[in-house]
Amino acid sequence: MIRVVLADDQELVRSGFAMILEAQPDIEVVGEAGDGAEAVELVRAQRPEVALLDVRMPRMDGLAAARTICAGTATKVIMLTTFDSDDYVYDALYAGASGFLLKDVRRDDLVHAVRVVAAGESLLAPSVTRRLIADLTRNRPRSGPAASLDVLTSRERETLVLLGRGLSNAEIAAALTVSEHTVKTHVSNTLAKLGLRDRVQAVIAAYETGLITPTT
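Residues numbered from 1 in each chain as written. Predicted model: local features only at pLDDT ≥ 70, side-chain atom pairs only at ≥ 80, totals over all residues. Heavy atoms only, no water.

## Notes on helix H8 (residues 169–176)
Definition in use: Residue exposure (1.4 Å probe, protein chains only): buried if accessible area is under 20% of the type maximum, exposed if over 50%, otherwise partly exposed. Every helix listed is a DSSP run of H or I at least four residues long, and every strand listed is a run of E at least two residues long, numbered separately from the N terminus. Taking the helix axis as origin, the arc is that swept by the directions to the C-beta atoms. Residue contacts are counted whenever heavy atoms from the two residues lie within 4.5 Å of one another.
Buried residues of H8: Asn169, Ile172, Ala173 and Leu176, and no others. One face of H8 carries all of its buried residues, which in axial projection span an arc of 100°. Taken together, the buried residues of H8 touch helix H7 (154–164), helix H9 (180–194) and helix H10 (199–208). Positive backbone phi, approximately 55°, marks Thr177, located one or two places after H8.

Structure below.
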(Lines give C-alpha, C1' and ligand atoms only; values in the text may rest on other atoms or scores of the structure.)
Protein backbone atom coordinates (compact mmCIF):
# COMPACT_ATOMS: atom_id res chain seq x y z
CA MET A 1 0.00 0.00 0.00
CA ILE A 2 1.32 3.45 -0.96
CA ARG A 3 0.67 5.89 1.88
CA VAL A 4 0.26 9.54 0.88
CA VAL A 5 0.09 12.92 2.63
CA LEU A 6 -1.57 15.81 0.76
CA ALA A 7 -0.83 19.46 1.49
CA ASP A 8 -2.66 22.35 -0.17
CA ASP A 9 -4.25 25.42 1.34
CA GLN A 10 -7.22 25.09 -1.04
CA GLU A 11 -9.55 22.56 0.54
CA LEU A 12 -11.37 21.77 -2.71
CA VAL A 13 -8.13 20.95 -4.50
CA ARG A 14 -6.92 18.86 -1.59
CA SER A 15 -10.15 16.91 -1.18
CA GLY A 16 -10.42 16.37 -4.94
CA PHE A 17 -6.94 14.84 -5.09
CA ALA A 18 -7.70 12.77 -2.01
CA MET A 19 -10.86 11.32 -3.59
CA ILE A 20 -8.95 10.35 -6.75
CA LEU A 21 -6.15 8.66 -4.83
CA GLU A 22 -8.37 6.93 -2.28
CA ALA A 23 -10.29 5.31 -5.13
CA GLN A 24 -7.16 3.33 -6.01
CA PRO A 25 -6.75 -0.10 -4.38
CA ASP A 26 -3.03 0.42 -3.74
CA ILE A 27 -3.07 4.01 -2.41
CA GLU A 28 -4.13 5.34 0.98
CA VAL A 29 -4.27 9.04 1.95
CA VAL A 30 -3.09 9.06 5.57
CA GLY A 31 -3.25 12.81 6.17
CA GLU A 32 -4.23 16.18 4.72
CA ALA A 33 -2.62 19.52 5.58
CA GLY A 34 -3.50 23.12 4.85
CA ASP A 35 0.02 24.52 5.21
CA GLY A 36 3.64 23.46 5.01
CA ALA A 37 4.28 23.27 8.74
CA GLU A 38 1.34 20.95 9.23
CA ALA A 39 2.54 18.86 6.28
CA VAL A 40 5.96 18.39 7.88
CA GLU A 41 4.35 17.31 11.14
CA LEU A 42 2.10 14.84 9.33
CA VAL A 43 5.00 13.34 7.40
CA ARG A 44 7.03 12.89 10.56
CA ALA A 45 4.09 11.24 12.31
CA GLN A 46 2.79 9.08 9.47
CA ARG A 47 6.00 8.33 7.51
CA PRO A 48 4.18 8.08 4.16
CA GLU A 49 5.89 6.94 0.98
CA VAL A 50 4.83 10.10 -0.89
CA ALA A 51 3.94 13.68 0.03
CA LEU A 52 2.20 15.97 -2.46
CA LEU A 53 2.97 19.57 -1.57
CA ASP A 54 1.52 22.75 -3.00
CA VAL A 55 4.29 25.28 -3.62
CA ARG A 56 2.41 28.22 -2.17
CA MET A 57 1.02 27.72 1.32
CA PRO A 58 0.78 29.80 4.53
CA ARG A 59 3.03 29.46 7.60
CA MET A 60 5.60 27.37 5.74
CA ASP A 61 5.57 27.23 1.95
CA GLY A 62 5.97 24.05 -0.04
CA LEU A 63 9.62 24.77 -0.82
CA ALA A 64 10.61 24.97 2.84
CA ALA A 65 8.49 21.93 3.62
CA ALA A 66 10.13 19.96 0.81
CA ARG A 67 13.61 20.82 2.09
CA THR A 68 12.71 19.68 5.59
CA ILE A 69 10.98 16.48 4.48
CA CYS A 70 13.66 15.46 1.97
CA ALA A 71 16.48 16.15 4.43
CA GLY A 72 14.94 14.37 7.39
CA THR A 73 12.79 11.52 6.09
CA ALA A 74 12.63 8.87 3.38
CA THR A 75 9.34 10.28 2.06
CA LYS A 76 9.35 11.18 -1.62
CA VAL A 77 8.03 14.63 -2.49
CA ILE A 78 5.98 15.72 -5.50
CA MET A 79 5.37 19.45 -5.86
CA LEU A 80 2.04 20.81 -7.06
CA THR A 81 2.47 23.96 -9.10
CA THR A 82 1.60 26.13 -12.07
CA PHE A 83 4.33 26.31 -14.71
CA ASP A 84 4.00 30.02 -15.45
CA SER A 85 4.43 31.38 -11.94
CA ASP A 86 6.18 28.95 -9.63
CA ASP A 87 9.77 29.40 -10.77
CA TYR A 88 11.18 28.32 -7.45
CA VAL A 89 10.06 24.76 -8.08
CA TYR A 90 13.64 24.43 -9.37
CA ASP A 91 14.84 24.94 -5.80
CA ALA A 92 12.46 22.27 -4.53
CA LEU A 93 13.76 19.78 -7.09
CA TYR A 94 17.34 20.63 -6.17
CA ALA A 95 16.46 20.16 -2.49
CA GLY A 96 15.38 16.60 -3.22
CA ALA A 97 11.80 16.64 -4.51
CA SER A 98 11.23 13.85 -7.01
CA GLY A 99 9.21 15.89 -9.47
CA PHE A 100 6.18 18.09 -9.87
CA LEU A 101 2.69 18.15 -11.32
CA LEU A 102 0.58 20.95 -12.70
CA LYS A 103 -2.53 21.52 -10.61
CA ASP A 104 -4.75 20.75 -13.58
CA VAL A 105 -3.21 17.28 -13.87
CA ARG A 106 -5.42 14.57 -15.28
CA ARG A 107 -6.73 11.90 -12.92
CA ASP A 108 -4.69 9.09 -14.49
CA ASP A 109 -1.49 11.18 -14.51
CA LEU A 110 -1.88 11.98 -10.80
CA VAL A 111 -2.23 8.30 -9.90
CA HIS A 112 0.65 7.35 -12.20
CA ALA A 113 2.90 10.01 -10.65
CA VAL A 114 2.31 8.75 -7.12
CA ARG A 115 3.08 5.18 -8.14
CA VAL A 116 6.20 6.12 -10.09
CA VAL A 117 7.68 8.22 -7.29
CA ALA A 118 6.77 5.66 -4.63
CA ALA A 119 8.70 3.09 -6.66
CA GLY A 120 11.84 5.22 -6.36
CA GLU A 121 11.77 6.83 -9.80
CA SER A 122 11.60 10.52 -10.62
CA LEU A 123 8.80 12.26 -12.41
CA LEU A 124 10.53 13.49 -15.57
CA ALA A 125 7.47 13.04 -17.74
CA PRO A 126 5.60 14.88 -19.04
CA SER A 127 8.24 16.96 -20.78
CA VAL A 128 7.17 20.11 -18.92
CA THR A 129 9.66 19.11 -16.20
CA ARG A 130 12.56 19.37 -18.63
CA ARG A 131 11.18 22.65 -19.98
CA LEU A 132 11.02 24.12 -16.49
CA ILE A 133 14.56 23.09 -15.58
CA ALA A 134 15.90 24.31 -18.93
CA ASP A 135 14.18 27.69 -18.58
CA LEU A 136 15.41 28.20 -15.04
CA THR A 137 18.99 27.08 -15.60
CA ARG A 138 19.19 29.34 -18.63
CA ASN A 139 18.58 32.32 -16.35
CA ARG A 140 20.56 31.23 -13.29
CA PRO A 141 24.31 31.32 -12.67
CA ARG A 142 25.79 27.85 -12.49
CA SER A 143 26.69 26.87 -8.98
CA GLY A 144 28.61 23.78 -10.03
CA PRO A 145 28.09 20.17 -8.98
CA ALA A 146 29.06 18.61 -5.70
CA ALA A 147 31.63 16.52 -7.53
CA SER A 148 33.57 17.02 -10.74
CA LEU A 149 32.40 15.22 -13.85
CA ASP A 150 35.95 13.89 -14.05
CA VAL A 151 34.91 11.10 -11.71
CA LEU A 152 32.62 9.70 -14.41
CA THR A 153 33.64 7.24 -17.08
CA SER A 154 32.93 8.19 -20.69
CA ARG A 155 29.89 5.91 -20.75
CA GLU A 156 28.60 7.44 -17.50
CA ARG A 157 28.96 10.91 -19.02
CA GLU A 158 26.93 9.73 -22.01
CA THR A 159 24.34 8.38 -19.61
CA LEU A 160 24.18 11.72 -17.78
CA VAL A 161 23.61 13.55 -21.06
CA LEU A 162 20.71 11.26 -21.89
CA LEU A 163 19.31 11.57 -18.37
CA GLY A 164 19.49 15.33 -18.79
CA ARG A 165 17.35 15.06 -21.88
CA GLY A 166 14.77 13.17 -19.88
CA LEU A 167 15.13 9.77 -21.53
CA SER A 168 13.83 6.65 -19.82
CA ASN A 169 16.04 3.64 -19.15
CA ALA A 170 14.61 1.90 -22.20
CA GLU A 171 15.36 4.93 -24.40
CA ILE A 172 18.89 5.22 -23.00
CA ALA A 173 19.46 1.53 -23.64
CA ALA A 174 18.40 1.95 -27.25
CA ALA A 175 20.60 5.02 -27.70
CA LEU A 176 23.68 3.33 -26.24
CA THR A 177 22.90 -0.10 -27.69
CA VAL A 178 23.11 -1.81 -24.31
CA SER A 179 20.67 -3.66 -22.06
CA GLU A 180 18.37 -1.90 -19.61
CA HIS A 181 20.17 -3.73 -16.81
CA THR A 182 23.44 -2.10 -17.93
CA VAL A 183 21.72 1.28 -18.07
CA LYS A 184 20.47 0.86 -14.49
CA THR A 185 24.05 0.18 -13.42
CA HIS A 186 25.34 3.29 -15.25
CA VAL A 187 22.58 5.44 -13.75
CA SER A 188 23.23 4.14 -10.24
CA ASN A 189 26.99 4.70 -10.56
CA THR A 190 26.49 8.20 -11.98
CA LEU A 191 24.19 9.26 -9.16
CA ALA A 192 26.49 7.80 -6.51
CA LYS A 193 29.66 9.41 -7.88
CA LEU A 194 28.05 12.86 -8.15
CA GLY A 195 26.24 12.60 -4.82
CA LEU A 196 22.82 13.01 -6.43
CA ARG A 197 19.58 11.81 -4.88
CA ASP A 198 17.72 10.84 -8.04
CA ARG A 199 17.20 11.37 -11.77
CA VAL A 200 15.71 14.83 -11.32
CA GLN A 201 18.91 16.03 -9.70
CA ALA A 202 20.82 14.37 -12.54
CA VAL A 203 18.92 16.54 -15.02
CA ILE A 204 19.80 19.63 -13.01
CA ALA A 205 23.46 18.59 -12.77
CA ALA A 206 23.63 18.03 -16.53
CA TYR A 207 22.48 21.60 -17.12
CA GLU A 208 24.44 23.22 -14.28
CA THR A 209 27.74 21.70 -15.37
CA GLY A 210 27.17 22.77 -18.96
CA LEU A 211 27.27 19.15 -20.12
CA ILE A 212 24.09 20.00 -21.99
CA THR A 213 22.37 23.32 -22.58
CA PRO A 214 18.69 24.20 -23.06
CA THR A 215 19.31 24.32 -26.81
CA THR A 216 21.03 20.91 -27.15
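## Notes on the side chain of Thr190
Definition in use: Two N or O atoms form a polar contact when they lie within 3.5 Å of each other; inside protein one atom must be a possible hydrogen donor and the other a possible acceptor, and for residues adjacent in sequence the pair counts only when both atoms belong to side chains.
Within the secondary structure, Thr190 sits in helix H9. A distance of 2.7 Å separates the side chain of Thr190 from the backbone oxygen of His186, its partner in a polar contact. Each residue touching Thr190, except ones within four places of it in the same chain, is listed here: Leu152, Glu156 and Leu160.

## Some points on the sheet that holds strand E3 (residues 50–54)
Applied cut-off: Each pair of strands is called paired provided DSSP finds at least two bridges between the two strands. To define axes, lines are fitted to C-alpha atoms, for helices over the stretch in contact only, and angles between the resulting N-to-C directions are given on a 0 to 180 degree scale.
Spatially, E2-E1-E3-E4-E5 is the arrangement adopted by the five strands of the open sheet, whose pairing is parallel. Each of the sheet's edge strands pairs with one partner strand only, and the pair in question is strand E2 (27–33) and strand E5 (99–102). Taking each pair of neighbouring strands and ignoring which way they run, the sheet shows an average axis angle of 25°. Here strand E4 (residues 76–81) runs beside E5; their pairing, made up of four bridges, is parallel. In the sheet register, Thr81 faces E5, and the bridge partner there is Leu102.

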